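Examining the three-dimensional arrangement
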Amino acid sequence: MTHSFEKDYWERHWEQAHDPASDVSGQSSPNPHLEREIAGLEPGTALDAGCGTGADAIWLADHGWRVTAADISAAALEAATERATEASVAERVTWLEADLTTWLPAGRFDLVTTSYAHPAIPQLAFYERIADWVAPGGTLLIVGHLHEPASADHEGGHKHGHGHEHGHGPGQRPPAEATVTLADITGRLDPATWRIESAEEHTRTVTGPEGRSLLMRDAIVRATRHA
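The rules we used
Throughout this description, residue numbers start from 1 for each chain and increase along the sequence as written. Predicted model: local features are reported for residues with pLDDT of at least 70 only, side-chain atom pairs are reported and counted for 80 or more only, and whole-chain, interface and lining totals are derived from all residues. Computation of side-chain values: all heavy atoms of the structure, hydrogens and water removed. In this description a helix means any DSSP run of H or I spanning at least four residues, a strand means any run of E spanning at least two, and both kinds are numbered starting from the N terminus. The buried label applies to any residue whose accessible area, calculated with a 1.4 Å probe on protein chains only, is under 20% of its type's maximum; exposed applies above 50%, and partly exposed to all values in between. Surface exposure here means Shrake-Rupley accessible area, sampled with a 1.4 Å probe, where a residue is shielded only by the protein chains that are shown. Contacts are assigned to residue pairs with any non-hydrogen atoms lying within 4.5 Å of each other. Salt bridge criterion: a side-chain nitrogen from Lys or Arg within 4 Å of a carboxyl oxygen from Asp or Glu. We treat two strands as partners when DSSP finds at least two bridges between them.

A closer look at the overall build of the protein
Across its full length, the protein carries 6 helices and 7 strands. Written out in order from the N terminus, the α and β elements of the protein read α-α-β-α-β-α-β-β-α-β-α-β-β. Sorting the 227 residues of the protein into buried and exposed places 54% on the buried side. Total accessible area computed for the protein in this model is approximately 9,800 Å², and 49% of it derives from carbon and sulfur atoms.

Description of helix α3 (residues 55–62)
With respect to burial, α3 is a largely interior element, 7 of its 8 residues being buried. Taken as a whole, α3 has its buried residues at A55, D56, A57, I58, W59, L60 and A61. Check the buried side of α3 and you find it contacts α2 (32–38), β1 (45–49), β2 (66–71), α4 (74–86), β3 (93–97) and β4 (109–115). G64 lies just past α3 and shows a positive phi near 95 degrees.

Observations regarding the pattern of salt bridges
Across all of its chains, the model carries 6 salt bridges by this definition. With its nearest N and O atoms 3.8 Å apart, the salt bridge here joins R36 to E200. Pair noted here: R36 is in helix α2 and E200 is in strand β6 (residues 194–207), with a separation of 164 residues, a long-range link.

Details of the pairing of β3
Strand residues, when the strand is regular, have side chains that alternate between the two faces of the sheet. Where β2 meets β3, 5 bridges bridge the pair, whose relative direction is parallel. Each bridged residue has a counterpart across the sheet, and for A69 the counterpart in β3 is W95.

What follows is the structure, encoded as structure tokens:
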């Protein structure tokens, strides 16, 4: 049985993440792929598309970026705001409750990054949409899941999985269009517009709720929009 990624799904997910008895993990540390891929860039304006509870946005702000961090979940943003205050970067992050399938920014960003975000539209359509928001000379960073089709126990889960899970219910799987391959992503980046800087797949094991080992399969693409 599949489920959708509508707003109600994400509100339930992040509310459960705050429940100590829940089997859903919240985001506690920045995505390691973000740290590696972005470390050498000159800080500017950034959009964290699907920011969850804010670890990536906070890391970017702490490294000099002026960040707009958007998520559909009010529960996630409440936790993110608290974390930014604790990290003393609140003045460098603008938190935005928005449905990124319909929201439009006022301008473009030097960096648009998304890590494990799943919208209520096909994944590739989401990536194409946010790619339009990268300024000339700017960077697009996509970190996505390569879900196993067989069962939710092998799916990487939700954002920032260094212990993250989507919290799929028993027997539930995300829709097929939520999973894309590395070739799917790079194939949508027109060489006339984009220069692909890195395109890799990584497999890693993380510790999930209750100490379970989770196999994570990630697709990472970083591209620069031609000036």
